Amino acid sequence: MDTITLTKKLTMKKQYDVIVCGGGVAGVAAAVTAAGEGHSVLILEKSNILGGLATLGLINLFVPMCNGRGKQIIFGLCEKWVRLSAEVGFDTIPEEWKNGEPKEPTNVRYIQRFSPDIFALQLTEEIVKSGADILFDCIACEPVMEGKTCKGVITESKSGTEYYGCKMLIDVTGDCDVLRHGGVPVVPGENFFTYMAKMITLESCERAVKEKNIYRAFTGISGGGVNLFGDNQPENVPKWSGLTVEEVTDYLVRNQLLVLKRLKGTDRFAREITHLPFMPQFRTTCRLDGDYALKVSDAYKHFDDSICAINDFEHRDHLFEVPLRCITRKDYPNMLTAGRSASGEGYGWDVLRVIPPAIITGQAAAHTACMALRDKVNAADVNITNLQKKLENDDIMVHFPDEYVPEDKTVVIHGKNAVEIDGGHM
Ligand SMILES: Cc1cc2nc3c(=O)[nH]c(=O)nc-3n(C[C@H](O)[C@H](O)[C@H](O)COP(=O)(O)OP(=O)(O)OC[C@H]3O[C@@H](n4cnc5c(N)ncnc54)[C@H](O)[C@@H]3O)c2cc1C
C-alpha cells in the first residue's frame, strides 16, 4: 500500500479564546498574560515541563537585560521571572544589580544563570496561578483552517487525536510548526553543530562544598562545540534547518555519540552527567515570514508600532525596537507568533530570539490577541496606542530613551561592521 487516506471525524473538545502552542518562556508569558486579561486560555506543551530551551534545553541564562552602562532595558515578566528564579534556585545576579538598577553607571551587565529544573517548576506554578488550562505531553499538530482564519488546533496525546477550538492562536513552538503546517509563510534558518550537557565532577563538587554554593557543582560537557557564529563548524558535519525528523535525529545521534566518546577513558568514579538536553539545541530553525523582519540596520530606530525595546546581549549600547509587524502576518487575521520564531534576519534575529526578548514578545503577542478579540479586529490591526499603553502597564519599555543612543554608532559584530552583515545569517 503506497498511499493511504486518513479520514477521521473530530468533534471540538472545548473552545478557548486563545490557544498557545508551546510552553517555552514565550509561551508561558503569552498564556499567563492572556489569562490575566480574563480570557479562556489553553497552553499545549509537548514535553513534561515548561520553559523550552531555557529549561529542557539547558540554556539556563538570562542574557544581559541592560545597555551595558547600568541602564535596564528589558523589564516586564522577564524582570519578574529573573527575581523569581533567584528566590528558589541559583542566584547569580551581579552584586551591582541585586537591588534593581544600579544608582551609578556600571559596565557590569544584568544577567542571571538560573536552575533550569527549579525554574521549570516555578513556570508551572505561574500557569496554575494564572488560571490558564495546560496540557502536558500533548503535541499541537496542525491548525484547523477556514481559508486564512484559524478555527482551532488538532492535538495528539495520550487521549489520541483531538480538536480544540480557538478564536486566536499563538504559535510559540519555537519552530513555527503550527503556522507552517497551516500554510503560513515561514523562513527556515540554519543551525550549527552545538550541544551542551551538564555534569558534575569530584573537583566541581569539592569547589561547591568549599564555597557552600551548590551552583558551583555544575560544569558542562559539549558535543559539537560550535558557537553562535558557526566558527569551527566541521566540514563533514551538515548544518541543519531542524525541520525534519531525519535532521533532528541526525543532529542528536552525532552529538550524543560525541559526548559518549569524550567520556570514555575518563575516570568513571570522578564524574557524572546530571542532565542531557531534552530538546535539540537549535537556535534558529524557522521563523514567521512576518509583516516585517528586524534587521541589524534597524538598531536605534524608533518604530511607531514598537511593542518593546530590546538590547543586544553581546554589544554595549546596541538597542532595538521590535515592531508589532514582527509577530503578525496581515493576511492571517488571528494567528501570531513570538519568541524564537518572531520575524528577524541575520544577527537581528539573534538579538530578538534570546530569552529576555522571547518573554516580552510573548507578553506582547498575548495583549495583541486579547485586544483583537475585544475590539473585533485582526491581530495586525489592533489600536497601537492602546496596545502600547497595555504593555507599559505591564512595565515593558516600548521605546528606548534617546539619551541611551551613543554618539558613535559603529558596532563590530564578529569582526564585521554591523551594517555589512545585515540580512545574512552568520
Ligand atoms: C545553543 C543555544 C544557546 C543559547 N544561549 C542563550 C543564552 O545563553 N541566553 C539566552 O537568553 N538565550 C539563549 N539561547 C536562545 C534561547 O534559549 C531561545 O531562543 C529561547 O529560549 C526561545 O524561547 P521560546 O519560548 O521562543 O521557544 P522554545 O524555548 O523553543 O520553546 C518552545 C516550546 O514549545 C514546545 N513545542 C514545540 N513544538 C510543539 C508542538 N508541536 N506542540 C506542543 N509543544 C511544542 C517545546 O517543547 C518547547 O517547550 C540559546 C539557544 C541555543 C540553541
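Residues numbered from 1 in each chain as written. Predicted model: local features only at pLDDT ≥ 70, side-chain atom pairs only at ≥ 80, totals over all residues.

**A closer look at the overall build of the protein**
Line of reasoning, step 1. Secondary structure assignment for the protein yields 9 helices and 18 strands.
Line of reasoning, step 2. Over its C-alpha trace the protein gives a radius of gyration of 21 Å, about what one expects of a compact globule, namely 22 Å for 426 residues.
Line of reasoning, step 3. Taking the principal axes of the C-alpha coordinates as reference, the protein spans close to 65 × 60 × 45 Å.
Line of reasoning, step 4. Here the protein holds 426 residues, and the buried ones make up 47% of them.
Line of reasoning, step 5. Partitioning the contacts of the protein with sequence separation of at least 6, the portion at a separation of at least 24 is 74%. (Helix = DSSP H or I, 4+ residues; strand = E, 2+ residues; numbered from the N terminus. Rg over C-alpha atoms; globule rule 2.2 N^0.38 Å. Buried ≥ 20, exposed ≤ 12 C-beta atoms within 10 Å, placed from the backbone. Contact = placed C-beta atoms within 7 Å.)

**Let's talk about the environment of Arg109**
Line of reasoning, step 1. If you trace the backbone, Arg109 turns up in the loop between helix 2 (76-88) and strand 4 (112-113).
Line of reasoning, step 2. Taking the C-beta count within 10 Å as the criterion, Arg109 has 20 such neighbours and is therefore assigned buried.
Line of reasoning, step 3. Sequence spacing of Arg109 and Asn67 is 42 residues, and the spatial spacing of their C-alpha atoms is 7.7 Å.

**Quick look at the site of the ligand**
Line of reasoning, step 1. Around the ligand there are 35 residues in total, and Gly22, Gly24, Gly52, Gly174 and Gly339 lie nearest to it.
Line of reasoning, step 2. For the shell around the ligand, the secondary-structure elements that each account for two or more residues are helix 1 (25-36), strand 2 (41-45), strand 3 (61-62), strand 6 (139-146) and helix 8 (355-375).
Line of reasoning, step 3. It is helix 1 that contributes the most residues to the shell around the ligand, 3 residues altogether.
Line of reasoning, step 4. The residue makeup of the shell around the ligand, split by class, is 18 nonpolar, 11 polar and 6 charged. (Near = placed C-beta within 6 Å. Nonpolar A, V, L, I, M, F, W, Y, C, P; charged D, E, K, R; others polar.)

**Focus: helix 1**
Line of reasoning, step 1. For helix 1, with 12 residues, the first-to-last C-alpha span of 16 Å sits near the 16 Å given by 1.5 Å per residue.
Line of reasoning, step 2. Counting buried positions along helix 1 gives 11 out of 12 residues, so the element sits mostly inside the fold.
Line of reasoning, step 3. Those residues of helix 1 lying buried are Val25, Ala26, Gly27, Val28, Ala29, Ala30, Ala31, Val32, Thr33, Ala34 and Ala35.
Line of reasoning, step 4. Along its buried surface, helix 1 packs onto strand 1 (12-21), strand 2, helix 2, helix 3 (116-130), strand 8 (160-171) and helix 8. (Expected span 1.5 Å × (residues − 1).)

**Looking at the sheet that holds strand 10 (residues 194-201)**
Line of reasoning, step 1. Taken in spatial order, the 3 strands make up an open sheet running 11-10-12, and their pairing is antiparallel. Strands at the two margins of the open sheet, each flanked by one partner only, are strand 11 (219-225) and strand 12 (271-275). Put simply, the sheet's adjacent strands are angled 40° from each other on average, direction ignored.
Line of reasoning, step 2. Alignment of strand 10 against strand 11, held across 5 bridges, turns out to be antiparallel. If you follow Met196 over to strand 11, its bridge partner there is Ser222. (Pairing = 2+ DSSP bridges. Axes fitted to C-alpha atoms, helices over the stretch in contact; angles between N-to-C directions.)

**Details of the pairing of strand 8**
Line of reasoning, step 1. The sheet contact formed by strand 1 and strand 8 spans 8 bridges and is parallel. The partner of Val18 across the bridge, within strand 8, is Met168.
Line of reasoning, step 2. In this structure, strand 7 (residues 149-157) lies alongside strand 8, joined through 6 bridges in antiparallel fashion. Directly across from Glu156, in strand 8, lies its bridge partner Thr161.
Line of reasoning, step 3. Between the antiparallel neighbours strand 7 and strand 8 lie 2 residues.
Line of reasoning, step 4. In this sheet, strand 16 (residues 335-337) lies alongside strand 8 in parallel orientation, the contact comprising 3 bridges.

**Section: the nonpolar core**
Line of reasoning, step 1. With 107 residues, the main nonpolar core has Ile19, Ala30, Ala31, Ile170, Cys308, Ala338 and Ala369 as its most contacted residues.
Line of reasoning, step 2. The contact partners of Ile19, leaving out residues within four places of it in the chain, are Leu42, Leu44, Val153, Tyr164, Cys166 and Leu169. (Core = buried A, V, L, I, M, F, W, Y, C linked by C-beta atoms within 7 Å.)

**Some details on the domain arrangement of the protein**
Where interface size is quoted, it is often the accessible area lost as the parts come together.
Line of reasoning, step 1. Domain parsing of the protein yields domain 1 (12-189 + 284-426) and domain 2 (194-275).
Line of reasoning, step 2. Inter-centroid distance (C-alpha atoms) of domain 1 to domain 2 is 27 Å.
Line of reasoning, step 3. Taken residue by residue, the interface counts 11 residues in domain 1 and 10 residues in domain 2.
Line of reasoning, step 4. Per-class residue counts for the side of domain 1 that touches domain 2 are 5 nonpolar, 4 polar and 2 charged. (Domains from an automatic or database assignment.)

**Description of the packing of helix 8 against helix 9 (residues 384-393)**
The geometry of a pair of packed helices is captured by two quantities: the angle between their axes and the separation between those axes.
Line of reasoning, step 1. Contact geometry for helix 8 and helix 9: axes closest at 10 Å, N-to-C directions at 135°. As summarised for this structure, helix 8 and helix 9 are arranged oblique, according to the angle between their axes. By crossing handedness, the relation of helix 8 to helix 9 is classed as right-handed. Counted together, Ala364, His367, Thr368 and Met371 of helix 8 and Asn386, Leu387, Lys390 and Leu391 of helix 9 form the full contact between these two elements.
Line of reasoning, step 2. Classifying every residue of the contact of helix 8 with helix 9 gives 4 nonpolar, 3 polar and 1 charged. (Parallel < 35°, antiparallel > 145°, perpendicular 65-115°, else oblique. Left-handed = near helix turned anticlockwise from the far one by under 90°.)

**Regarding helix 2**
Line of reasoning, step 1. All of the buried residues in helix 2 are Gly76, Leu77, Cys78, Glu79, Trp81, Val82 and Ser85.
Line of reasoning, step 2. Among the structural elements, helix 1, strand 3, strand 4, helix 3 and helix 8 are those in contact with the buried residues of helix 2.

**Things to note about the packing of helix 1 against helix 3**
Line of reasoning, step 1. The contact between helix 1 and helix 3 brings their axes to 9 Å, and the two run at 20°. Our classification of the angle between helix 1 and helix 3 gives roughly parallel. Seen from above, helix 1 lies across helix 3 with left-handed handedness. Listed contacts from helix 3 to Val28, Ala31, Val32, Ala35 and Gly36 of helix 1 are Leu123, Glu126, Ile127 and Ser130.

**A look at the environment of Ala342**
Line of reasoning, step 1. Mapped onto the elements of the fold, Ala342 is located in the loop between strand 16 and helix 7 (346-353).
Line of reasoning, step 2. Note: C-alpha distance between Ala342 and Gly223 (119 residues apart in sequence) is 28 Å.
Line of reasoning, step 3. For Ala342, the contacting residues outside a window of four places in its chain are Arg287, Leu288, Cys326, Ile327, Thr337, Leu352, Arg353 and Thr361.

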